[in-house]
Amino acid sequence: MPDSPENNFATLNPLNMIPSSHISTADGNLKATCATGAGSAIAGTFSVKGGKWYWEHRATSVGNGLALGITYGSGSVSDMNAKGIFYGFNGGKRVFTTDTGSAGAAWAAGDIIGIAVDAESGGTISFYKNNASQFTVTEASILTTDFVLWVYNNSSSAGSASWVNFGQDASFAGAIT
């Protein structure tokens, strides 16, 4: 991996997952598996306040509630959900407490979801499915608030799993070339 003291990459944060009994991480904290039985979420290790950021998720299973994005919430799944901006597996868009319905294409296992955050000048978060733009959210608080990335499984009836690439492993542990 190209990670070094001068060149650092985020990972998923096993110290910031709710509830911890329903999530496991693997492969250097680049894979999160959310078990069946409760809504669950895991945040990343870097916050996105200022600057421009890009990362990718490769879903290996989506259950019936996987969503990806950013949040400034903490302490509970409902708080993270209420303070999150995300793209759901069903194509849905949520901005804080407002679901706007289908905004992008639905996605499934094997799809790669790209997320680009401009917290420098635009206050935007853009979502991509397999390199095709899906939608962009403009939100002024992105310029001034410490957001963290998150993987969110909003289902108590089906689990999900997702690999992340913050620049350190574009092959998602050898799954693609």
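Residues numbered from 1 in each chain as written. Predicted model: local features only at pLDDT ≥ 70, side-chain atom pairs only at ≥ 80, totals over all residues. Heavy atoms only, no water.

Student: Help me understand the overall build of the protein in this model?
Tutor: Along its length, the protein carries 1 helix and 14 strands. On C-alpha atoms alone, the protein measures out to a radius of gyration of 15 Å, which is about the 16 Å that the 2.2 N^0.38 rule sets for 177 residues. With the C-alpha coordinates aligned to their principal axes, the bounding extent of the protein is approximately 40 × 40 × 30 Å. Within the protein, buried positions represent 50% of all 177 residues. A total of about 7400 Å² of accessible surface is found on the protein, and carbon and sulfur atoms cover 49% of it. Each charge sign in the protein was given a centre, from 8 positive and 12 negative side chains, and these centres are 8 Å apart. (Helix = DSSP H or I, 4+ residues; strand = E, 2+ residues; numbered from the N terminus. Rg over C-alpha atoms; globule rule 2.2 N^0.38 Å. Buried < 20%, exposed > 50% of the residue type's maximum accessible area, 1.4 Å probe, protein only. Areas by Shrake-Rupley, 256 points an atom, 1.4 Å probe, with all protein chains shown as cover. Lys, Arg positive; Asp, Glu negative; His and termini not counted. Charge placed at Lys NZ, Arg CZ, Asp CG, Glu CD.)

Student: Where do I start with the nonpolar core in this structure?
Tutor: If you look at soluble globular proteins, the nonpolar side chains tend to sit buried side by side. Ranked by internal contacts, the top residues of the largest apolar core, which has 36 residues, are Ile70, Ile85, Trp107, Val117 and Ile125. If we skip the residues at most four places from it in the chain, Val117 touches Val48, Gly51, Lys52, Trp53, Trp55, Ile70, Thr124, Ile125 and Ile142. Formed by 10 residues, the second largest nonpolar core is a distinct cluster that contains Ala41, Met80, Phe86 and Trp150. (Core = buried A, V, L, I, M, F, W, Y, C linked by side-chain atoms within 4.5 Å. Contact = heavy atoms within 4.5 Å.)

Student: What's the story with the side chain of Thr124 in this structure? I'm lost.
Tutor: By secondary structure assignment, the location of Thr124 is in strand β11 (residues 124-129). Setting aside residues up to four positions removed in sequence, Thr124 forms contacts with Ala116, Val117, Asp118, Thr136, Val137, Thr138 and Ile142.

Student: It is not clear to me how the side chain of Ser126 should be interpreted in this structure. Could you clarify?
Tutor: Relative to the helices and strands, Ser126 resides in strand β11. Not counting residues up to four positions away in its chain, the partners in contact with Ser126 are Gly114, Ile115, Ala116, Phe135 and Thr136.

Student: Please explain the environment of Trp163 as it appears in this structure.
Tutor: Note that Trp163 resides in strand β14 (residues 160-165). Trp163 sits 74 residues away from Phe89 along the chain, and the two C-alpha atoms are 15 Å apart.

Student: Explanation requested: the sheet that holds strand β10 (residues 112-118) in the structure shown.
Tutor: Strand pairing in a sheet takes place through backbone hydrogen bonds and is either antiparallel or parallel in direction. One open sheet accounts for 7 strands, arranged β2-β3-β14-β5-β10-β11-β12; its pairing is antiparallel. Since the sheet does not close on itself, it has two edges, and those belong to β2 (23-26) and β12 (132-138), each with one partner. Sheet twist, expressed as the average angle between the axes of neighbouring strands with direction ignored, equals 20°. Across 6 bridges, β10 lies against β11 in antiparallel orientation. Across the sheet, residue Ala116 finds its bridge partner in β11, namely Ser126. (Pairing = 2+ DSSP bridges. Axes fitted to C-alpha atoms, helices over the stretch in contact; angles between N-to-C directions.)

Student: Hey, could you run me through the packing of aromatic side chains in this one?
Tutor: We describe a pair of aromatic rings using the distance from one ring centre to the other and the angle between the two ring planes. Overall, the coordinates contain 11 aromatic pairs when judged by the stated rule. Ring centres of Phe86 and Tyr152 lie 5.6 Å apart, and the angle between their planes is 65°; this geometry places the pair in the edge-to-face category. Of this pair, Phe86 sits in strand β7 (residues 84-88) while Tyr152 sits in strand β13 (residues 147-153), placing them 66 residues apart in sequence. The same class applies to Phe86 and to Tyr152, which are both buried. Between Phe127 and Phe135, the ring centres sit 4.9 Å apart and the planes meet at 40°, which makes this aromatic pair tilted. Within the aromatic cluster, the residues linked to one another by ring pairs are Tyr87, Trp107, Phe127 and Phe135. (Phe/Tyr/Trp six-rings, centres within 6.5 Å; stacked < 30°, edge-to-face > 60°.)

Student: I would appreciate a short explanation of the environment of Asn154 in the present structure.
Tutor: Among the secondary structure elements, Asn154 is positioned in the loop between β13 and β14. Residue classification places Asn154 among the partly exposed positions, given a relative accessible area of 47%. Taking the C-alpha atoms as reference points, Asn154 and Ser20, separated by 134 residues in sequence, lie 15 Å from one another.

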